[in-house]
Amino acid sequence: MMERNSQLALVSAQSTAIHRGTAIVAEGGGQRGIYTAGVLDTFLRYGFNPFELGLGASAGAQNLSTYFLSLPGFAKRAIAELSVSPNLLVPYRWLGGRNVLDLDMYFSRLVDDPDYRFPCGEMDRIAGQRRLVFVATCRSDLTATYLEPDSDNLLTYMKASSAVPFLYKDGVAVGGEILVDGGVADPLPVRRACDFGAKRIVVIRTVPADVSATCWRQRLKALRLGRAMPSMMSAMLESHERAYEDALSFMLELPAGVEVVQIAPEAPLRSQVFGSSADALVVDYASGCRAGKVALAQLSGWLQSPSPNNGAHSDRPCHAVLQATRDPGADRGVASAQA
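Residues numbered from 1 in each chain as written. Predicted model: local features only at pLDDT ≥ 70, side-chain atom pairs only at ≥ 80, totals over all residues. Heavy atoms only, no water.

Chemist: What am I meant to see in the pattern of salt bridges here?
Modeler: Here the idea is simple: oppositely charged side chains can pair when their charged atoms come close. As enumerated under the stated definition, the model contains nine salt bridges in all. For the salt bridge of R205 with E27, the shortest nitrogen-to-oxygen distance reads 3.0 Å. Of this pair, R205 sits in the loop between β7 (200–204) and α9 (216–223) while E27 sits in the loop between β1 (19–26) and α2 (33–45), placing them 178 residues apart in sequence. What makes R205 buried here is its relative accessible area of 0%. In this structure, the salt-bridge partner of E122 is R125, at a minimum N-O distance of 2.9 Å. Overall, the relative accessible area of 28% leaves R125 in the partly exposed class. (Salt bridge = Lys/Arg side-chain N within 4 Å of Asp/Glu carboxyl O. Helix = DSSP H or I, 4+ residues; strand = E, 2+ residues; numbered from the N terminus. Buried < 20%, exposed > 50% of the residue type's maximum accessible area, 1.4 Å probe, protein only.)

Okay, here's the thing in structure tokens:
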């Protein structure tokens, strides 16, 4: 029965009518992406994917890939199982100049391990229907680059978007450039979604909506790498923080005719960027599922309402925040709007 329900969700989500001018943006956050996985799995379970455009960096890019390809449960398993491997993150490797984060091992499992093999060939199926964009950063000048994957380069682009510069020193070579984590240059690509023509944008956060401080400094402190941080990495950290602040400011001062809804945890997630306990991942996934249900009730009506292009949105807030209660035993969500 579970397998049959998954197949029904897959077919339904694939056949969802696409609403032009809609976009979904997914924030990164390492293992905190388990919350996003819960939101998107709930969307798939109810056959909800009206988005013409998807943009994400790092864990956000990975989550949106599974969402656009209608792979319920895949991102959850990758985070809850693959990302907790004891060999994935080893801080002492920093001392030997090696990669603290073994992305090579992680992505090789997505290619070679039959239990986790990613169906890259499915990318060709959505070509011309939906537009999927991964954010990466050019290491040479710290500018953002926006990668549109196909079946041949999907995992390479995903790896580039996820190459945390503090932890994966090599970066990923793409088109003559060395690329690193998209969160350096554009961690919340809402402005870019507008540039691509989106008028209604859903943003899934991995921190509460009122949190403006980046978690990257805390990440460095937790790994005790801050004192050894080279000047180039300091520049990357400053670039990330500026970009993060710019994105939050942009969402508070949206252009005319643009509406944004944020889906965000009510309180800080229990998961960490890396090194989360299994219990924390279970709780945060459940929180994401509940948030997804709350969002579905709001977004369905939102998408059916008149387009913001005709001015009919003027009596509604252009920026709203949807949250769900954190208690794993609660089915009831709460939603709040911010003008």
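Chemist: For this particular structure, what's the right way to read the pairing of β1?
Modeler: For a regular strand, the rule is simple: side chains alternate between the two faces of the sheet. Counting buried positions over the eight residues of β1 gives six, a clear majority of the element. Pairing geometry for β1 and strand β2 (residues 51–57), over five bridges, is parallel. By the bridge assignment for β2, A23 is matched with L53. Crossover handedness for the path β1 to α2 to β2: right-handed. As judged from the five bridges shared by β1 and β7, these two strands associate in the parallel manner. The residue of β7 that forms the bridge with T22 is R200. (Pairing = 2+ DSSP bridges. Right-handed = clockwise from strand over helix to strand, strands pointing away.)

Chemist: It is not clear to me how the side chain of S162 should be interpreted in this structure. Could you clarify?
Modeler: Position of S162 relative to the elements: it lies in helix α7 (residues 154–162). A relative accessible area of 3% places S162 in the buried class. Of note is the side chain of S162, whose polar atom sits 2.9 Å from the backbone oxygen of M158. If we skip the residues at most four places from it in the chain, S162 touches S58, Q62, L103, F107 and D181. (Polar contact = N/O pair within 3.5 Å; in protein donor to acceptor, adjacent residues only side chain to side chain. Contact = heavy atoms within 4.5 Å.)

Chemist: Teacher, can you tell me more about the packing of α2 against helix α11 (residues 278–304) here?
Modeler: Helix-helix packing is described using two parameters, namely the angle between the two axes and the distance between the axes. Between α2 and α11, the least distance of the axes is 7 Å, while the angle of their chain directions is 45 degrees. Between α2 and α11, the angle is such that the two are oblique. Remark: the crossing between α2 and α11 carries right-handed chirality. Along the contact surface, α2 presents I34, Y35, A37, G38, V39, D41, T42, F43 and R45, while α11 presents L281, D284, Y285, S287, G288, C289, A291, G292, K293, A295, L296 and L299. A per-class count over the contact of α2 with α11 returns 12 nonpolar, five polar and four charged. (Axes fitted to C-alpha atoms, helices over the stretch in contact; angles between N-to-C directions. Parallel < 35°, antiparallel > 145°, perpendicular 65-115°, else oblique. Left-handed = near helix turned anticlockwise from the far one by under 90°. Nonpolar A, V, L, I, M, F, W, Y, C, P; charged D, E, K, R; others polar.)

Chemist: Hey, could you run me through the nonpolar core in this one?
Modeler: For soluble globular proteins, nonpolar side chains are generally found buried alongside one another. Formed by 64 residues in total, the largest nonpolar core has its most connected members in I24, F43, Y67, L110, F118, I263 and L299. Broken down by element, the residue count for this core peaks at six residues, all from α11. Excluding residues within four positions of it along the chain, I263 makes contact with Y35, V39, F43, V202, V203, I204, R205, A291, A295, L299 and L322. Core analysis: the second largest hydrophobic core is formed by 21 residues, L55, L188, F250 and V260 among them. (Core = buried A, V, L, I, M, F, W, Y, C linked by side-chain atoms within 4.5 Å.)

Chemist: Can you help me understand the packing of aromatic side chains in this one?
Modeler: Aromatic rings in a pair are described by how distant their centres are and how their planes are angled relative to each other. Applying the stated criterion across every chain, the model contains seven aromatic pairs. Relative to F51, the ring of F48 has its centre 6.0 Å away and its plane inclined at 90 degrees; by these criteria the two rings are edge-to-face. By relative accessible area, F48 is classed as buried at 9%. Taking the relative accessible area as the measure of exposure, F51 reaches 1% and is therefore buried. Taken together, the ring pairs connect F43, F48, F51, Y67 and F68 into an aromatic cluster. The ring of F68 carries R130 above its face, with NZ or CZ at 5.9 Å from the centroid. Directly above the aromatic system of F196 lies the positively charged group of R131, at a separation of 4.2 Å from the ring centroid. (Phe/Tyr/Trp six-rings, centres within 6.5 Å; stacked < 30°, edge-to-face > 60°. Lys NZ or Arg CZ within 6 Å of the ring centre and 35° of its normal.)

Chemist: Explain unusual backbone geometry here, please?
Modeler: Leaving glycine out, the prevailing phi sign among residues is negative, and the prevailing peptide bond configuration is trans. A positive phi angle, close to 55 degrees, is found at S70, a residue other than glycine. Along the chain, S70 turns up in the loop between α3 (59–68) and α4 (74–80). Classification of S70 by relative accessible area gives buried; the value is 2%. Look at L142: it is not a glycine, yet its phi comes out positive at around 60 degrees. Relative to the helices and strands, L142 resides in the loop between β3 (131–138) and β4 (144–147).

So, to be careful, I would describe these as geometric facts and stop short of saying anything about function.
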